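# Observations on the three-dimensional arrangement
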Amino acid sequence: MEQHVMNSIEQSLNNNQPLSSQTLASLRSLIINPTTSDSSLSSLLDALTRSLRLTRDSVFLHHCLKLLTDLSARRPHLSPFAVDLLRSDSLFSSASPRLVGESLSALLSLTSSQNDIDAARFVSLCLGPSVPVRLWLLKNAEKFAIRESVLLAVFLGFTRDPFPYVRKAAVDGLVKLCKNGDFNDRDVIEGCYCRAVELLRDAEDNVRSAAVRAVYDWGKLLVISSEERNKQDSSDAVFIQLCCMVRDMSMEVRLEAFEALGKIGLVSEDILLQTLFKKVLGINKDKIYKPIKVFEISASAAAGAFVHGLEDEFSEVRMSACYSLHTFTVFSSQFAGEALNLLMDMLNDDSKIVRLQALNTMHHMATCNHLKVEEIHMHSFLSTLFDSCSVIRSATRKILKLAKLMKLELFKLCIDGLLGNLETYPQDEVDVFSVLFHIGRNHGKFTVLMIEEVSTELEPAFGGKLGFDSTRVAAFLVLAISAPLSNESDVCGVPSRIFSYAVTWLGRISYALSDVMNRETLLAYLSKCSRSSTISLADFKIKEALPTVKGDMPSHLCSEVGSPVSMPLWQKGVETFDHHHQKLFLGKSGTHLEYGLRECDELRQSVNLVFRKVKDLWSLVQLGCTNEALKAIRACKEEVASFTTDSPGSAGAVAFTLQYLRVIKLLAAVWEHLMPTKKLNCYGVGKLELLLGKLDRRLREIRNKFIGLSKAEELQILELIVVACLLRLSKIEICCYDTAMKKLSSIISHVEILRKGGPIEPSHFIIEVKKLLNDIGSSSGGSTCKPLLFKKLIDSFSLHQFVLGGSPRHINAELEVPGNDSENPLPFIPGIPASIPLAITLYNVLSEHRLWLRISMGEESTQFVFLDLNLIRSSDEVREFTFVAPFYLTPKAISFALRVSIGIECLQENVHQVKAFGGPKRELAYLCPEEEIFLCKSTKW
């Protein structure tokens, strides 16, 4: 059959005629037949080439396209020849839009190099008469290797196309180009933003919806490219421009507008407050913004934006407005207080998803201590405990777990509401009991007062019969047994008999409190408490209280609204976790109960809240608002420095958090030099190199000076080190390419080891870095520096929420020379080694660690002395000993000074750096400040 088909091909070619339909059908049988020889297939390609020159028949061209596609797929070695035919003018000059589209799709599916068609042909096809082809090209433009400048011109041009779907595709193309491109030209950015704003008035809904996305993305670039003093005004102008679209006639456009509003990271408080009032505030009446030269916008345009959203007729828009409010409610307590009035009204909404989103927004406010519920709100708030939807009731109870009420009347209202919830929905018993336990622990004084009021209900009835068949009684017992664990130090005791009564409900109570303690622990706790006349925090040997609910921080639901303004936070909350076991010691006998806790203690939750603030303010860094970000980080450092470190494990957590804040502060300072408006001069290069050196040192310290981190926590530290490497590689002026690449490869290898050793997955950013390393390694022997590729990877980096789950131990040291100062120097003899007696204290140093003494004299002389931990008998967390260190480089002088410090060798560093005088092979992370030691020539000499 093969020979017959080849004869038919030869006959057609000899007659100078295209192949017939019957011959084309036979050709496909040859292509799919694995036994067909390569010579026959080559002849087939020649025949198709000649036939394409002889005819433009659309049916014939469709057959040829199918044959070439099958040939490329089944015979990869012939694919380049088939692709060359697919690029021929015969297929693209066809009058059939379907054929042109199929040809382009075939090219994209068969080629991986993206050199499918050149820019001239791309533009020619876009300008052609076929609207379907034009639409297809605009939607798939990013898949072709077309220069950004060409794509930008094409997209901008077709935003004025008469066909609405073409205009929408062009606007979507501008959005993609903005996200993936690298635009530094302020005029280009202003032009694209201006065109996006113009399209907000387009007649078609889908075009306006796409224009909203374009305004947000190009507006973000506009803010980044603005000068430092204008960034706030530019961001406010973009925000106001989006607020104008919340009253659009189309529901899709309004929905898109609120989604975009929720992403804005930098908004003035005055503008935010204006969105909650339809009447223009006095401070905003004459305020005009002019982000670009060609137009201006008034602050009054933002009036009532969120009010309109929450009153929208569509539940999807109302829910989106609630979610956007969730983003801004932590910006300031004043805005949160005004927004709460609107959210309380949303609790009566007909839509369940809107009511649930309103509660989720309140919960987010509570975790940031910005939920200030007044007495007038309590009725609306507690009514959700009787909602028919179990998810909504659960969301309300989750907020109550955070409650810190300031009045006894409000406390009673909450308890009555929970009891009513329990009576109406008995299936909620487990969650209600859990909430009662937490709210009782948070309000020890109020709990005792309420138990005194209802004590008659808890006592045996007339005749000695116990009334313990009532769920209401069980609820009060759960409330009562939580009081001894209250944070309030002056709580009066609960009668011991109450704990005996609670034993009768042991099964149901232990099931409800399984997130706090198991059944055996609860029984032991109740037994201990029932044997004492009263029990209170005074009986505890430590002051640590049980933690709050998972992922939450205590909130003052009824405190003054005028609390200090918090730093900007714009993202979702994050759940925290802790599997650390704490021991509570009871009574004088020293009996202890081990509580297996699943959530963090109060200090660790405060630390995790700081981590979340840092993650949220990273958007400021990306916008180029470095000064605001650094101020916020400094505020975080002051907050962490005020944390107490008396409780076990707290010192390590505080030290780790401070070190993490130092790293992020340096990372933000370095990031500023990558902004498009930042031009490096000689001074700037030196400053950047200095900052990167400090960043490397801080990262080395946080990686090597803390033990007890989980694999997930270690992975996040490694991701920051990867970012630091990429920052170096993106700047040719300061990059030592080989060293940086070697370090980057080492870190990625360690990430792979972590991934294989446990159930953790690296982020998308790390995966992309790994792909780039593989691509570089497979081309040019990995020796070509590609700063633009590294720059794009850096732009895709987003700081993740760091969650401290355990209690890291801080490796540090203390060093001193007793009695030594400038007036009491140590004696030495010039040219002979001097003895330096050192009093050393090591904390949390393990036997496998390698410690070195670094002894330096000025800039020219440095000596290292190894500290052999095997010679130190103690293996405790704290090791104290005296060590006499020799210094061999004594000068011929009357006196001199040395500087001594202790460093830990970074064994995880694969980049060796050999030191002089037999020093460490790797970098050191120093455990203590340098100690200055004074020496004077001996008088006996």
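Named according to an unreviewed UniProt entry, the chain is Protein SIEL isoform X2 originating from Durio zibethinus. According to UniProt, the comment filed for the chain under the heading Subcellular location (unreviewed entry) is "Nucleus".

What follows concerns the overall build of the chain. When you go through the chain residue by residue, the secondary structure sums to 38 helices and 17 strands. Every one of the 941 residues in the chain was classed for burial, and the buried ones make up 55%.

Moving on to the nonpolar core. Inside soluble globular proteins, nonpolar side chains tend to come together where they are buried. By size, the foremost hydrophobic cluster in this structure holds 234 residues, and its most contacted members are Trp-218, Met-362, Leu-695, Leu-726, Leu-727 and Leu-744. For this core, the element with the most residues is helix α33 (residues 650–671), which contributes 15 residues. Built from parts of two domains, this core gets at least three residues from each of domain 1 (404–536) and domain 2 (600–777 + 785–796). Not counting residues within four places of it along the chain, the set of residues in contact with Leu-727 comprises Leu-667, Val-670, Trp-671, Leu-674, Leu-692, Leu-695 and Ile-794. Ranked by size, the runner-up nonpolar core spans 35 residues in total, among them Met-857, Leu-867, Leu-898 and Ile-904.

Moving on to the packing of helix α14 (residues 231–243) against helix α15 (residues 251–261). Following both chains from N to C, one finds α14 and α15 inclined at 160 degrees, their axes separated by 9 Å at the closest point. Relative to α15, the element α14 lies roughly antiparallel. In this structure, α14 meets α15 at a crossing whose hand is left-handed. From α14, Phe-239, Leu-242 and Cys-243 reach across to α15, where they touch Ala-257, Ala-260 and Leu-261.

Attention shifts here to the pattern of salt bridges. On inspection of all chains with the given rule, the structure shows 35 salt bridges. Linking Asp-202 and Arg-167 is a salt bridge whose minimum nitrogen-to-oxygen distance equals 3.0 Å. Placement of Asp-202 in the loop between α12 (186–199) and α13 (205–225) and of Arg-167 in helix α11 (residues 164–180) is noted, with a sequence separation of 35 residues between them. Relative accessible area serves as the criterion here: at 12%, Asp-202 is assigned to the buried category. A salt bridge links Asp-431 to Arg-397; its shortest N-O distance comes to 2.7 Å. With a gap of 34 residues between them, Asp-431 in helix α24 (residues 429–442) and Arg-397 in helix α22 (residues 390–400) connect regions that are remote in the sequence. Assessed through its relative accessible area of 23%, Asp-431 is described here as partly exposed. Members of the salt-bridge network, linked through shared partners, are Lys-168, Asp-172, Arg-213 and Glu-256.

Moving on to the packing of aromatic side chains. With the rule as written, the count across this model stands at 20 aromatic pairs. Where Trp-618 meets Phe-797, the ring centres are 6.0 Å apart and the plane angle is 80 degrees; that geometry is what we call edge-to-face. Here the residue Trp-618 occupies a position in helix α31 (residues 602–623), and Phe-797 occupies one in the loop between α38 (787–795) and β8 (809–810), the gap between them amounting to 179 residues. Phe-797 carries the same exposure label as Trp-618, and that label is buried. Considering the side-chain rings of Phe-828 and Phe-896, the 4.9 Å spacing of their centres and the 85 degrees angle between planes classify their relative orientation as edge-to-face. Of this pair, Phe-828 sits in strand β10 (residues 826–828) while Phe-896 sits in strand β15 (residues 895–905); the two residues are 68 residues apart in sequence, bridging distant segments of the chain. Just as Phe-828 is buried, Phe-896 falls in that class too.

Conventions and cut-offs
Residues numbered from 1 in each chain as written. Predicted model: local features only at pLDDT ≥ 70, side-chain atom pairs only at ≥ 80, totals over all residues. Heavy atoms only, no water. UniProt positions renumbered as here; feature names shortened; annotations may be inferred. Helix = DSSP H or I, 4+ residues; strand = E, 2+ residues; numbered from the N terminus. Buried < 20%, exposed > 50% of the residue type's maximum accessible area, 1.4 Å probe, protein only. Core = buried A, V, L, I, M, F, W, Y, C linked by side-chain atoms within 4.5 Å. Domains from an automatic or database assignment. Contact = heavy atoms within 4.5 Å. Axes fitted to C-alpha atoms, helices over the stretch in contact; angles between N-to-C directions. Parallel < 35°, antiparallel > 145°, perpendicular 65-115°, else oblique. Left-handed = near helix turned anticlockwise from the far one by under 90°. Salt bridge = Lys/Arg side-chain N within 4 Å of Asp/Glu carboxyl O. Phe/Tyr/Trp six-rings, centres within 6.5 Å; stacked < 30°, edge-to-face > 60°.

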